[in-house]
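# Architecture and fold: a report
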There are 2 protein chains.
Amino acid sequence: MKKLTYLIITLIVFPFSLQAQNQLHPDYNELTDTKPHTSPEVWKNQKLPVQLQWGSIDVRYPKHTIPVIPTGNKWTGKAWKGERVNAQAVLWSNQPLKNITLSVSDLRSGSSVIPSSKITPSFVRYVMTDELNKDGKGGCGHRPNKADWDSSLVADVLDAKMRHDIESMTVQPVWLNIWVPSQAQAGKYQGTLTVSADGIAPMELKLELTVSSRTLPEPKDWKFHLDLWQNPYAVARYYNLPLWSKEHFDAMRPVMQRLANAGQKVITASIMYKPWAGQTEDAFDSMVFRMKKLDGTWTYNYTVFDQWIEFMMSVGIDKQINCFTLVPWELKFDYFDQATNRVLFVRAKPGEPDYDDYWFNFLKDFSRHLREKGWFERTTISMDERQPDMMRHAFELIRRADPEYKVSGQGNYYPEVEPFMYDFCLAYGQNVPDDVREVRRKVGKITTVYTCCTEPYPNVFTFSTPAEATWTIWHAVAGNYDGYLRWAYNSWTKEPLLDSRFRTWAAGDCYLVYPGRSSIRMERLVEGVQDAEKIRILREEFQSKGMKSQLRKLNSAVSKFMPENLTKDNAAEMVNEARKVLNNF
Amino acid sequence: MKKLTYLIITLIVFPFSLQAQNQLHPDYNELTDTKPHTSPEVWKNQKLPVQLQWGSIDVRYPKHTIPVIPTGNKWTGKAWKGERVNAQAVLWSNQPLKNITLSVSDLRSGSSVIPSSKITPSFVRYVMTDELNKDGKGGCGHRPNKADWDSSLVADVLDAKMRHDIESMTVQPVWLNIWVPSQAQAGKYQGTLTVSADGIAPMELKLELTVSSRTLPEPKDWKFHLDLWQNPYAVARYYNLPLWSKEHFDAMRPVMQRLANAGQKVITASIMYKPWAGQTEDAFDSMVFRMKKLDGTWTYNYTVFDQWIEFMMSVGIDKQINCFTLVPWELKFDYFDQATNRVLFVRAKPGEPDYDDYWFNFLKDFSRHLREKGWFERTTISMDERQPDMMRHAFELIRRADPEYKVSGQGNYYPEVEPFMYDFCLAYGQNVPDDVREVRRKVGKITTVYTCCTEPYPNVFTFSTPAEATWTIWHAVAGNYDGYLRWAYNSWTKEPLLDSRFRTWAAGDCYLVYPGRSSIRMERLVEGVQDAEKIRILREEFQSKGMKSQLRKLNSAVSKFMPENLTKDNAAEMVNEARKVLNNF
């Protein structure tokens, strides 16, 4: 009876949710790549019309260039229990292929099984990208004219679709993500990836995954302080759903679940209109309603804020709430004016009476509300890349409103600002002195590092070397930071699946994942966070057990991940070298 | 001790309030009149360089044209106790005059006195006007290019200033308004108007006012249903004061007090954004705050509405509240959207679900609120110049929300609409059948008439013959209407004192009074309302006492005031003839 019920539910619910999924994420055609590629003659002269080989996760295989791949049809990998590992195969064909499907067998080690349901094969899709600034010094600045930039298609999207067609002379990479169950037995597991298509014999590749006896905790228990800023406004716009409607939250759930699975610790909340002057395709708006009443007093409503925070907590992201901001890039502050029945703006600097009037009353009421919700201890008032003199006024005001407020900030290291920062995120290349960090750790303060458009590498532009995402997290460990921050998890462009270029910054800067889909960049970043957790666990073990030579070996591998050792080409090599060390413990 | 306190208060408060008054109403220079006028030669040849004579209140004396005035230096008038009467003197000079001051003596009749404080002398100031449409058929339509219209300066503003300078070859009319105290003794009162200036001997004119034994009630007790629409938004903008601030209410008090003194019965309230699609210089906005909450329900706040209504009632205008509107000229309806933190608009027609959702919930809540405030019985939901089919849907909705709602409307006579209208205001030339009006009167319903840009005459454009304002009210009486409505009491233009022209309609259509100042038009309109009250009182007396011949005589004088008897030139003559009859009872 139970089995039958389950079957019926599966039959009823599954098709519906699949349908919903398909409605949200219909298939699409990629933009045209205008770059030179392998000539038709060379394609025609391929020994086999259709070929499948294991490739490397370090490579973005061009769409129309025959890949140069070492032979050997078995992939071998190592993983801890509970860890996710990635592999990439490459299919290429000089003839059109219809209805390509991917399937993976269960992985077996004697009587032990990693079921195929834990393995996600994806078609790697191509998105339009551009390039670094012409001087090679990063990707900041405005890019109003796309024609000024060398654009090309790059492999990045990991598409969730079930079937795929390709034209002749096309490379179709296939991404595999294996999430080893925490309860798996250690052992050497074997299985098969099968690629089929109309009119061809199914092709197979072998997998061999060695599962160690060590266990990686679940993402929610990871200690690495990952902070990728979420943009709920982009999700509502992209799916054309009413903001904060049930449909909007439903659409956000898989996006934010993917983030929770990466070990995200922080909820991004906006407590005013356009904290960053609307720099993204979809501006952040205030999650707090403020009304200035006729008598000059203020009244607040937190319905939107509360629903967003509660939603994110329900997804499993609940350690910290960062509220932006008291010192926005443009010093104008929205409120609903009861008299004029309109949204108006206060324009004032920290320290000015109008600024005080706007923020002091709010901060007092907000503290009351946060305490009522039980969130006060995990909430910070956050300030992004502001000058110390401006922040000093804001600190004073915050403390006056409630001396127990926590403050967070992103930017350069200012010794006079540091003591006020509960969560201090430093620009790549900046750091706090060792003694300061030790004090910070002792009192439970967090110190992290961020990268953004500034860095030519390491970065997660859509044209960046995939291993740079992993490298960056190794760097956070090497630099003795507590975590890593990136300013944009999903500030999607107008057509994020087709075109990652934006009116500012190098392409891909605004988002790490795609609507309904992961990316090579995101998966490689998760690898890094897993590595950081593994390093932490091993260090704790080696220290507690006095395994000094092991500790030295591990620390030596980690310590290489400093800016001076990174070139534009060696991120993959560095990561792979260090991984060998890490995975041998 | 009490006397001393009073003196101190006078000394302290009076200079301050004078100062406040001067700050609100600084002196100004009129625009230049480019029209031809009396030549310098003729001016130079005047027998006396400076002359002062009684003129007529029916004339707008041109600014630079030597007036043609019958000689005789005594003005005689008749008034009831409690009535206001107007007189006009004219000063003209072929040399510049500095520091002209006006003073009026007490008026004396034996031992009886009408104190000079009851007499207001004003400098008549000149404002820019234009003209009727080129076809002479009214003043409607857009006037984007001022150069397309024949513009000129006309005498209309009654300035409150204490001293005035004029250049050579200038006519300076002086307006006198005598408000006879209700407690005055009947009798023939005499007094003097004195005009002084630097370097000339003071000039005098005699006044003789015969006060009858009849008494006109105070304006608040007048029965004539006067409805001139107020625009609080124009006052805030003109004086640059925060909307609904104490300063804004302070600035509105004299403006609205003048309206109360005219016998105004109705408070104009706007319950949505731009009931008339923002046709005035300052658009009407919603006095009600509406929030659509995340869960789709509505919440309302009436703070602004309540303060406006309470303010108007404190001024003495408290009989009726007309709320605009369920059927605006542009069918879009504002609300604050909790999700987006922005003001959004519903676009829907009466009968459509979105329209119902927006209005039905509001009307239910509004009825609750009005009943709580004790205002429900005197409130109407008002609809301006809409088609019957659109109104029908709105009626249905209003009654569904609360069957006891009153409705008011302005426009043409539609028999199918009439029964729903508590306060039905008909376009000039339209009327309800006699039997319908009798039914309406019996059940306490109001039927009034309005004029607007449509009428070339009678009208209150700044270039209209002043007596047309009076004529219009006589017409309301003759047409057996209960009152008169005009769509704009103070929808001021950008610079109302300088230029009465607007981007639409003939000049002066938007306002009857000036900031801090009355007008010839307004005073002549008040005369008409007083006449209407006097006619009502006399009719009641004649009827109750069976004085049939008197009644016939009065009714015969009234009955002439019908459109077919009015020409573009005869309003003053008609009014003066009828006044003779009226003032002889």
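Residues numbered from 1 in each chain as written. Chains lettered and ligands numbered in written order. Predicted model: local features only at pLDDT ≥ 70, side-chain atom pairs only at ≥ 80, totals over all residues. Heavy atoms only, no water.

## Points about the side chain of D499 of chain A
All names here are of chain A. Put simply, the rule is: In this description a helix means any DSSP run of H or I spanning at least four residues, a strand means any run of E spanning at least two, and both kinds are numbered starting from the N terminus. Per-residue accessibility, obtained with a 1.4 Å probe over protein chains only, is compared with the maximum for each type, and a residue is labelled buried under 20%, exposed over 50%, and partly exposed between these values. A 3.5 Å cut-off defines polar contacts: any pair of N or O atoms within that distance qualifies, except that in protein one atom must be a possible hydrogen donor and the other a possible acceptor, and neighbouring residues in sequence count only when both atoms are side-chain atoms.
Locating D499 in the fold gives a position in the loop between strand 24 (483-486) and strand 25 (518-519). Residue D499 is classed as buried on the basis of its relative accessible area of 10%. A polar contact is formed between the side chain of D499 and the side chain of R501, at a distance of 2.9 Å.

## As for the pattern of salt bridges
All names here are of chain A. For clarity, the cut-off: Counted as salt bridges are all cases of a side-chain nitrogen of Lys or Arg within 4 Å of a carboxyl oxygen of Asp or Glu.
On inspection of all chains with the given rule, the structure shows 98 salt bridges over all chains. Its salt-bridge partner being E330, residue R347 comes within 3.8 Å of it at the nearest N-O pair. Within this pair, whereas R347 is found in strand 19 (residues 342-347), its partner E330 is found in the loop between strand 17 (320-324) and strand 18 (332-337), the two being separated by 17 residues in sequence. For R347, a relative accessible area of 56% puts it in the exposed group. Of the residues examined, E330 reaches a relative accessible area of 38% and is grouped as partly exposed. Each of the salt bridges in this network shares a partner with another, and the network as a whole consists of D27, E30, K63, R125, D159, K161 and R517.

## Some points on the sheet that holds strand 22 (residues 423-427) of chain B
All names here are of chain B. Worth spelling out the cut-off: Between any two strands, pairing holds if DSSP finds at least two bridges. Helix axes are fitted only over the stretch in contact, all axes being lines through C-alpha atoms; the angle between N-to-C directions runs from 0 to 180 degrees.
One open sheet accounts for 8 strands, arranged 13-24-23-22-21-20-17-14; its pairing is parallel. Looking at the sheet topology across the chains shown, the edges are occupied by strand 13 (225-228) and strand 14 (266-270). Adjacent strand axes in the sheet meet at a mean angle of 25 degrees when their direction is disregarded. Pairing between strand 14 and strand 17 (residues 320-324): 5 bridges, direction parallel.

## Overview of the relation of the copies chain B and chain A
Applicable threshold: Least squares is the method for superposing the copies, and the C-alpha atoms it fits come from residues with pLDDT of at least 70 in both.
Superposition record for chain B on chain A: RMSD 0.0 Å, screw rotation 179 degrees, translation along axis 0.1 Å. What the superposition gives is, in effect, a two-fold axis relating one chain to the other. No C-alpha of chain B lies nearer the rotation axis than that of V343 of chain B, which sits 3.5 Å from it.

## A closer look at the packing of helix 4 (residues 246-261) of chain A against helix 5 (residues 303-315) of chain A
Residue and element names in this part refer to chain A. To keep it simple, the criterion reads: What sets the label is the angle itself: under 35 degrees gives roughly parallel, over 145 gives roughly antiparallel, 65 to 115 gives roughly perpendicular, and the rest give oblique. Two helices crossing with the near one rotated counterclockwise from the far one by less than a right angle form a left-handed crossing, whereas a clockwise rotation gives a right-handed crossing. Only heavy atoms enter the contact rule, under which two residues are in contact if any of them lie within 4.5 Å.
Interaxial distance between helix 4 and helix 5 falls to 9 Å at its minimum, and their mutual angle equals 50 degrees. Taken as axis vectors, helix 4 and helix 5 run oblique relative to one another. In this structure, helix 4 meets helix 5 at a crossing whose hand is right-handed. Here F249, M252, R253, M256, Q257 and A260 of helix 4 lie close against helix 5, whose contacting residues are Q307, W308, F311, M312, S314 and V315.

## Let's talk about helix 10 (residues 520-544) of chain A
Residues and elements named next belong to chain A. Applicable threshold: What a helix is expected to span follows from its residue count: subtract one and scale by 1.5 Å.
An ideal rise of 1.5 Å per residue puts 36 Å on 25 residues; helix 10 measures up with 36 Å between its terminal C-alpha atoms. Structurally, the start of helix 10 carries an N-cap: the backbone nitrogen of R521 is 3.3 Å from a side-chain oxygen of S519. A positive phi of about 65 degrees marks G546, the residue just after helix 10.

## Quick notes on empty space enclosed by the protein
Residues and elements named next belong to chain B. Definition in use: Using protein atoms alone on a 1 Å grid, points that fit a 1.4 Å probe yet trap it form a cavity, whereas open point sets bounded by protein on both sides within 12 Å along at least five of seven lines form a pocket; residues with an atom within 4 Å of a point count as lining. Grid points are joined across faces, edges and corners, and a volume is the space filled by probe spheres set on the points. Residue classes follow a fixed rule: Ala, Val, Leu, Ile, Met, Phe, Trp, Tyr, Cys and Pro count as nonpolar, while Asp, Glu, Lys and Arg count as charged, and any other residue, Gly among them, counts as polar.
In this structure the tally under the stated criterion is 7 cavities of 30 Å³ or more. Of the voids in this model, the largest cavity is the one considered here, and its volume is about 60 Å³. Along the walls of the largest cavity sit W229, W276, G278, Q279, T280, A283, F284, W487 and S491, which together make up its complete lining. Of the residues contributing to the lining of the largest cavity, the split by class is 5 nonpolar, 4 polar and no charged.

## Some thoughts on the pairing of strand 20 (residues 379-384) of chain B
Residues in a regular strand project their side chains so that they alternate between the two faces of the sheet. Residues and elements named next belong to chain B. In terms of residue burial, strand 20 counts as a mostly covered element, since 6 of its 6 residues are buried. Residues T379, I381 and M383 of strand 20 are buried on one face, and the alternating residues T380, S382 and D384, pointing to the opposite face, are buried as well. Sheet analysis places strand 17 next to strand 20, joined by 4 bridges and oriented parallel. Bridged to F324 within strand 20 is S382.

## Comments concerning the confidence of the model for chain A
Residues and elements named next belong to chain A. As a reminder, the rule being used: How sure the predictor is of each residue is captured by pLDDT, a score from 0 to 100.
Considering every residue of chain A, the mean pLDDT works out to 94; 96% of them sit at 70 or more. Ignoring residues within four places in sequence, the model shows residues 1-16, a span with pLDDT below 50, making 2 contacts including any to other chains. Among the prediction metrics, the complex's ipTM stands at 0.79, with pTM recorded as 0.85.

## Topic: the pairing of strand 17 of chain B
The buried fraction of strand 17 of chain B amounts to 5 of the 5 residues, a majority that puts the element mostly inside the structure. Side chains Q320, N322 and F324 of chain B of strand 17 of chain B all project onto a buried face; the interleaved residues I321 and C323 of chain B project onto the opposite face, where all are buried too.

## A few points about the interface of chain B and chain A
Note the cut-off: Take the accessible area each of two parts loses on contact, using a 1.4 Å probe, and add the two losses: that sum is the buried area.
Listed per partner, the contact involves 21 residues of chain B and 21 residues of chain A. A combined buried area of about 1900 Å² lies between chain B and chain A, and 57% of that area is made up of carbon and sulfur atoms. The largest contributions to the chain B side of the interface with chain A come from L294, N341 and R342 of chain B, which together make up 30% of the buried area. Counting across the chain B and chain A interface gives 2 salt bridges. Across the pair R342 of chain B and D285 of chain A runs a salt bridge, and its minimum N-O distance is 3.3 Å. At the boundary of chain B with chain A, the tally comes to 12 residue pairs in polar contact (both at pLDDT 80 or more). Those elements that provide at least two residues to the side of chain B that touches chain A are strand 15 (289-292), helix 5 (303-315), strand 18 (332-337) and strand 19 (342-347) of chain B. Residue contributions to the side of chain B that touches chain A peak at 3 residues, all from helix 5 of chain B. Residues of the side of chain B that touches chain A, tallied by class, amount to 11 nonpolar, 7 polar and 3 charged.

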